[in-house]
Every structure is written in structure tokens, then in C-alpha cells.
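Residues per chain, in single letters:
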Amino acid sequence: MDDTTPGIRVRPGGLDDAPAILDMLDSAVAWMNGRGNTEQWGTTPYSQKTGGVARVERYTTVNAPYIAELDGTPVGAMVLDSGPSPQVPIAPAGEPERYVRLLVSDRQHAGLGIGAALLAHAVEEARRAGVGLLRVDCWAGGGGELVAFYERNGFTATDRFLSGSWPGQVLARRVD
């Protein structure tokens, strides 16, 4: 378990966490829309998107989910995999890697370092697995705030891509 941020505990997740993850995703969509960002995740709550519930359930049963808790309450979620989603036009790394497929935090607890704690846990998981590369992709639109967040957390921008008209950025971090 990680205790990189005071009060935040990261634990393995599972199917029972799917409703909390969906709530976080729905609140993230509403928060982004409230800030005028309708391009990153659209305007439909994630739980109402076609395939949204099934995707989260798959994340919690097929992939490696982790839940950040604050005083026992889920406040963030991350999903690790061995590579990017096959639905996204991202080239394979050419070496073993861990890939952050999902990172979301409860917007009611924004600014507490939840995302940073989950990313620190991802580094530890990659290290434990003997994997030297951690990658993530994110929305590269807007003012680049999301790319900058990952850069502040030790990632370096590598490849840009388009998924339809959605601009994306792959970022990588070496793990010692």
C-alpha cells in the first residue's frame, strides 16, 4: 500500500468498486462540462455512455484496478494494464511496460494529491513487476493542463495521436 500523500491509502480494487468508479467518472464529466470542456469526455455521464458500465466492470475484473481512499472512502481510481487500449491508435512500446488505462479522482477532493498518489503507486507496481517503462495517454486539447499534470508527475511527452478528431498525447516515465 502507498502512503505517499498524507491520509491517502491506495489499495487493490475489484468489481465491488465499479459503482464508486462510475460515480467519479460521472462527476468528472459534469465538472469538465461546468468548466466549458465538452470535448475531452463529451457531455453524457460515463455511466450512461454505450459500453461505459461494461468497460468499468472489465477494468475491475480483467485489468489491475487500484482505489485511493481517504478515511476509508474511495476518492480516486487507477487501472493498470500491460499496454494501451487496442481501440486507440498507439504504437506498442517495444518492451514490457505498465500502462495507466484510467486515472480519475473525486472532484470533491481535488487538490489533495490523489492523482499523484495513484501515479506513485503505478511506479511502485511497475518496479515490483520488474518493468522499466510506465506509460499513459491523455487528452491533449484545451490548454494542455492534463499533459502538464503528467509532466509534473515525472512523465515525458512522447507521441501525439488523433482518435477521430480527439487529440491525444502519450507520455512515458522510466522506472528504475
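Participant: Looking at this structure, I do not really get the overall build of the chain. What am I missing?
Facilitator: Helix and strand content of the chain: four helices and seven strands. Secondary structure elements in the chain, listed N-terminal to C-terminal, are β-α-α-β-β-β-α-β-α-β-β. Over its C-alpha trace the chain gives a radius of gyration of 15 Å, about what one expects of a compact globule, namely 16 Å for 176 residues. When its C-alpha atoms are laid out on the principal axes, the chain stretches across 40 × 40 × 30 Å. Residues classed as buried in the chain amount to 45% of the 176 residues present. Partitioning the intrachain contacts of the chain with sequence separation of at least 6 by distance along the chain shows that 61% fall at a separation of at least 24. In the form shown here, the chain has an accessible surface area of approximately 8700 Å², with 49% of it arising from carbon and sulfur atoms. Taken together, the 16 basic and 21 acidic charged side chains of the chain have centroids lying 4 Å from each other.

Participant: What should I look at first to understand unusual backbone geometry in this one?
Facilitator: Outside of glycine, negative phi angles account for most residues, and trans bonds account for most peptide bonds. Even without being a glycine, Asp71 presents a positive backbone phi close to 55 degrees. Considering the arrangement of structural elements, one finds Asp71 in the loop between strand 2 (64-70) and strand 3 (73-81).

Participant: Explanation requested: the packing of helix 1 (residues 18-34) against helix 2 (residues 52-61) in the structure shown.
Facilitator: The angle between the axes and the distance between the axes are what describe a pair of packed helices. At a minimum axis distance of 10 Å, the contact between helix 1 and helix 2 shows a crossing angle of 130 degrees. Classified by the interaxial angle, the pair formed by helix 1 and helix 2 is oblique. Viewed along their axes, helix 1 and helix 2 form a crossing whose handedness is right-handed. Contact residues: helix 1 offers Ala18, Ile21, Leu22 and Leu25, while helix 2 offers Gly52, Val53, Val56, Glu57 and Thr60. By residue class, the composition of the contact of helix 1 with helix 2 is six nonpolar, two polar and one charged.

Participant: Just to check I follow, could you spell out the pattern of salt bridges for this structure?
Facilitator: A side chain of one charge can pair with a side chain of the opposite charge if their charged atoms are brought near each other. On inspection of all chains with the given rule, the structure shows eight salt bridges. Between Glu69 and Arg9 there is a salt bridge; the shortest N-O distance is 2.9 Å. You can see Glu69 sitting in strand 2 and its partner Arg9 sitting in strand 1 (residues 8-12), a full 60 residues away along the chain. Classification of Glu69 by relative accessible area gives buried; the value is 10%. Note that Arg127 and Glu124 form a salt bridge whose closest N and O atoms lie 2.5 Å from each other. Here Glu124 and Arg127 lie together in helix 3 (residues 114-128), a separation of three residues that amounts to about one turn. Residue class for Arg127 comes out partly exposed when judged on its relative accessible area of 37%. For Glu124, a relative accessible area of 28% puts it in the partly exposed group. Put simply, Arg9, Arg11, Asp17 and Glu69 are held in one network by salt bridges that share partners.

Participant: Looking at this structure, I do not really get the sheet that holds strand 1. What am I missing?
Facilitator: Strands in a sheet are paired, the pairing made by backbone hydrogen bonds, and the direction either parallel or antiparallel. Pairing in this open sheet of seven strands is mixed, and the strands run 1-2-3-4-5-7-6 from one edge to the other. The strands lining the two open edges of the sheet, one partner per strand, are strand 1 and strand 6 (156-163). Strand after strand, the sheet turns through a mean of 25 degrees between neighbouring axes, direction not considered. Relative to strand 4 (residues 98-105), strand 3 runs antiparallel, the two sharing six bridges. Along strand 4, the bridge assignment pairs Val79 with Leu102. Packed onto the sheet, helix 2 meets strand 2, strand 3 and strand 4 and runs at close to 95 degrees relative to strand 2. Here helix 4 (residues 145-152) sits on the sheet in contact with strand 4, strand 5 (133-139), strand 6 and strand 7 (166-174), set at roughly 160 degrees to strand 5.

Participant: Even after reading the chapter, I still don't get the pairing of strand 5, so can you show me in this structure?
Facilitator: Regular strands show a simple pattern: their side chains alternate between the two faces of the sheet. Burial within strand 5 is extensive, with six of its seven residues counted as buried. Relative to strand 5, strand 4 runs parallel, the two being bridged by three bridges. What sits directly across from Val100, in strand 5, is Val136. In the classification by handedness, the crossover that spans strand 4, the intervening helix 3 and the parallel strand 5 is right-handed. Pairing geometry for strand 5 and strand 7, over seven bridges, is antiparallel. Bridge assignment links Asp137 to a residue of strand 7, and that residue is Val170.

Calculation rules
- Residues numbered from 1 in each chain as written.
- Predicted model: local features only at pLDDT ≥ 70, side-chain atom pairs only at ≥ 80, totals over all residues.
- Heavy atoms only, no water.
- Helix = DSSP H or I, 4+ residues; strand = E, 2+ residues; numbered from the N terminus.
- Rg over C-alpha atoms; globule rule 2.2 N^0.38 Å.
- Buried < 20%, exposed > 50% of the residue type's maximum accessible area, 1.4 Å probe, protein only.
- Contact = heavy atoms within 4.5 Å.
- Areas by Shrake-Rupley, 256 points an atom, 1.4 Å probe, with all protein chains shown as cover.
- Lys, Arg positive; Asp, Glu negative; His and termini not counted.
- Charge placed at Lys NZ, Arg CZ, Asp CG, Glu CD.
- Axes fitted to C-alpha atoms, helices over the stretch in contact; angles between N-to-C directions.
- Parallel < 35°, antiparallel > 145°, perpendicular 65-115°, else oblique.
- Left-handed = near helix turned anticlockwise from the far one by under 90°.
- Nonpolar A, V, L, I, M, F, W, Y, C, P; charged D, E, K, R; others polar.
- Salt bridge = Lys/Arg side-chain N within 4 Å of Asp/Glu carboxyl O.
- Pairing = 2+ DSSP bridges.
- Right-handed = clockwise from strand over helix to strand, strands pointing away.

Spatial relationships are all this shows, so hold off on functional conclusions.
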